[in-house]
Amino acid sequence: MLELRGVRHHYDGRVVLDIERFAVSPGALTAIVGPNGAGKSTLLRLLALLEPPTEGEVLLDGKVVSSGRGARPDAKLRRRVTLVEQRPMLFRGTVRDNLKFGLRARGIRRAELNRLIEDVAARLGIARLLERQRHGLSDGEVQRVAVARSLVIEPDILLLDEPASSADRAAAQTLYHALEEERRRRPLAICLASHLLEDAYRWADDVRALAEGKLSTVTPENLFRVELPNASAGDLKHARVGAVEIAAMTDKSGPAILAVPPTDIIVSREPPPSPSSARNVFTGRVTRLAHQRPGGGGAGGAGGAVHVTADVGVELVAVVTDEAARDLGLTLGSTVVFAFKASAVRVF
């Protein structure tokens, strides 16, 4: 398992990552989503052991391999982790030459080498490119070749930075199917960074949002495809979702996806007193109550949690403790108020 603990990473005195704990588990595919500039690439570079964190530790199988106190990984450890960057560089020569490089460095014999190359090329749909020179490839083809070059050496952990950003939908699906097949074949751990939330939910076991250097879990509830206006006062923008407008803090415009974490929604029976820091306050009726037993991974402590679904002009899901649900007297059809800050809304 590859893990970050107590990591705070600085660039020019500015904190760009502040992560208490994050782990990439064997056999799992974890997706990190977030807008450009959120720190996704920096996070992957720390995991790839390419640079040490300013503070904190990077552990591999429980052993500190990189830290702000001077620990540095050796070459053998680095070989277990491979990073494919968003704009990868290929070596001079053909695609086949690129796929050979890592295998030759590991002393693989020619017959086995060619078999491995043909196999990974077929799985990633690049067999027809094997004799093509690097300068004859499109950006999407370069990305797929770089992924194949990493897969063919069978690392324990594969890190991918926007692996489908230059691919069309068919090529992207071929890539994700190949990764899924590789995970079925062996306990490969994958961590990928993407701004494509839908792909993350389709293929990943765990999805985390990175915003302002901090990671948070993003659930499939409360995801909305919207059109953001080009201009607004400051970075506060309003997007129409169903019969309501959701306020979000973002400099993004045009097509986007809004995500409202259920644990960031305050549930009450009356609107919060004015003035309030919550820019989103909606009144509606409870349409569903789902009780989650303790230890099920939701919010709340020993008493468990309740997922409260309400129609407030659009369907929203909030999470409250069992005790809070009882105190509020929540029942099907009861009036409820959902409130959350504009800064709580994730924008992708």
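Note that the coordinates shown come from a computational prediction; the quantities given were computed from them, not determined experimentally. (Residues numbered from 1 in each chain as written. Predicted model: local features only at pLDDT ≥ 70, side-chain atom pairs only at ≥ 80, totals over all residues. Heavy atoms only, no water.)

Draft legend 1. Region of the structure containing the sheet that holds strand β2 (residues 14–24). If you trace the four strands from one edge of the open sheet to the other, you get β2-β1-β4-β5, paired in antiparallel fashion. Of all the strands in the sheet, the pair left with one neighbour each is β2 and β5 (63–67). On average, each strand axis in the sheet is tilted by 25° relative to the strand beside it, whichever way the strands run. For strand β1 (residues 2–11) and β2, the ladder comprises nine bridges, and the chain directions are antiparallel. Following the sheet pairing, V7 is matched in β2 by I19. (Pairing = 2+ DSSP bridges. Helix = DSSP H or I, 4+ residues; strand = E, 2+ residues; numbered from the N terminus. Axes fitted to C-alpha atoms, helices over the stretch in contact; angles between N-to-C directions.)

Draft legend 2. Spatial organisation of the side chain of S67. Relative to the assigned elements, S67 resides in strand β5. A polar contact of 3.1 Å, which involves the side chain of S67, links it to the backbone nitrogen of R69. When residues no more than four places from it in sequence are discounted, the contact partners of S67 are P52, P53, G56, E57 and R72. (Polar contact = N/O pair within 3.5 Å; in protein donor to acceptor, adjacent residues only side chain to side chain. Contact = heavy atoms within 4.5 Å.)

Draft legend 3. Representation of the environment of T94 within the structure. Checked against the element boundaries, T94 lands in the loop between β6 (81–84) and α3 (95–105). Residue classification places T94 among the buried positions, given a relative accessible area of 11%. The spatial distance from the C-alpha of T94 to the C-alpha of H195 is 31 Å, given a sequence separation of 101 residues. Setting aside anything within four residues of it in sequence, one finds T94 in contact with L130, E131, R132 and Q133. (Buried < 20%, exposed > 50% of the residue type's maximum accessible area, 1.4 Å probe, protein only.)

Draft legend 4. Examining the pairing of strand β14 (residues 254–259) more closely. Counting buried positions along β14 gives five out of six residues, so the element sits mostly inside the fold. In this sheet, β14 lies alongside strand β11 (residues 223–228) in antiparallel orientation, the contact comprising six bridges. Directly across from F224, in β14, lies its bridge partner L258. Across two bridges, β14 lies against strand β20 (residues 346–347) in antiparallel orientation. The residue of β20 that forms the bridge with A259 is R346.

Draft legend 5. Representation of the packing of aromatic side chains within the structure. Per the stated rule, a full pass over the model turns up three aromatic pairs. Residues F91 and F101 carry aromatic rings whose centres are separated by 4.5 Å and whose planes lie at 45° to one another, so their mutual orientation is tilted. In this pair, F91 is assigned in the loop between β6 and α3 and F101 in helix α3, connecting sequence segments 10 residues apart. Across the ring face of F91, the terminal group of R149 is positioned such that the distance to the ring centre comes to 4.6 Å. (Phe/Tyr/Trp six-rings, centres within 6.5 Å; stacked < 30°, edge-to-face > 60°. Lys NZ or Arg CZ within 6 Å of the ring centre and 35° of its normal.)

Draft legend 6. The arrangement of the pattern of salt bridges in detail. For the structure shown, the criterion picks out 25 salt bridges. When the shortest N-O distance is used, the salt bridge between R132 and E141 registers 3.7 Å. By relative accessible area, E141 is classed as buried at 9%. R208 is the partner of D206 in a salt bridge, and the nearest nitrogen-oxygen pair spans 2.9 Å. Among the charged side chains, a salt-bridge network with shared partners connects D119, R123, E154, E182, R185 and R186. (Salt bridge = Lys/Arg side-chain N within 4 Å of Asp/Glu carboxyl O.)

Draft legend 7. Summary view of the pairing of strand β12 (residues 236–241). A one-sided burial pattern is seen for β12, the buried positions being K237, A239 and V241 and the unburied ones L236, H238 and R240. The pairing of β12 with strand β13 (residues 244–249) spans six bridges and is antiparallel. Residue pairing in the sheet places A239 in a bridge with I246 of β13. Linking two consecutive strands that pair antiparallel, namely β12 and β13, is a turn of two residues; a positive phi of about 60° is found at G242 within it.

Draft legend 8. Region of interest: the confidence of the model for the protein. Within the protein, residue pLDDT values average 90, and 96% of them lie at 70 or more. Low pLDDT, under 50, characterises residues 295–302; the stretch is placed with nine contacts to residues that sit more than four places away or in other chains. (pLDDT = per-residue confidence, 0-100.)

Draft legend 9. Summary view of the nonpolar core. Membership of the largest hydrophobic core comes to 47 residues, with the highest contact counts inside it found for L124 and L179. The greatest single-element share of this core, amounting to six residues, is contributed by helix α5 (residues 139–151). The next biggest cluster of nonpolar side chains, apart from the first, holds 30 residues, and it includes A248, V267, V286 and V336. (Core = buried A, V, L, I, M, F, W, Y, C linked by side-chain atoms within 4.5 Å.)

Draft legend 10. Up close: the packing of α3 against helix α4 (residues 110–123). Contact geometry of α3 with α4 gives a least axis separation of 10 Å together with a crossing angle of 130°. As far as their axial angle goes, α4 and α3 are oblique. Handedness of the crossing formed by α3 with α4: right-handed. Contact residues: α3 offers R96, L99, K100, L103 and R104, while α4 offers L113, N114, L116, I117, E118 and V120. Of the residues assigned to the contact of α3 with α4, the class counts are six nonpolar, one polar and four charged. (Parallel < 35°, antiparallel > 145°, perpendicular 65-115°, else oblique. Left-handed = near helix turned anticlockwise from the far one by under 90°. Nonpolar A, V, L, I, M, F, W, Y, C, P; charged D, E, K, R; others polar.)

Draft legend 11. Quick peek at the sheet that holds strand β16 (residues 280–292). Pairing is antiparallel in the open sheet, where five strands are placed in the order β15-β19-β16-β17-β18. Two strands bound the open sheet, and with one partner strand each, they are β15 (266–268) and β18 (315–321). Taking the axes of each pair of neighbouring strands and ignoring which way they run, one obtains an average angle of 40° across the sheet. Note: strand β17 (residues 305–311) against β18, seven bridges, orientation antiparallel. For H307, the partnering residue across the bridge sits in β18 and is V319.

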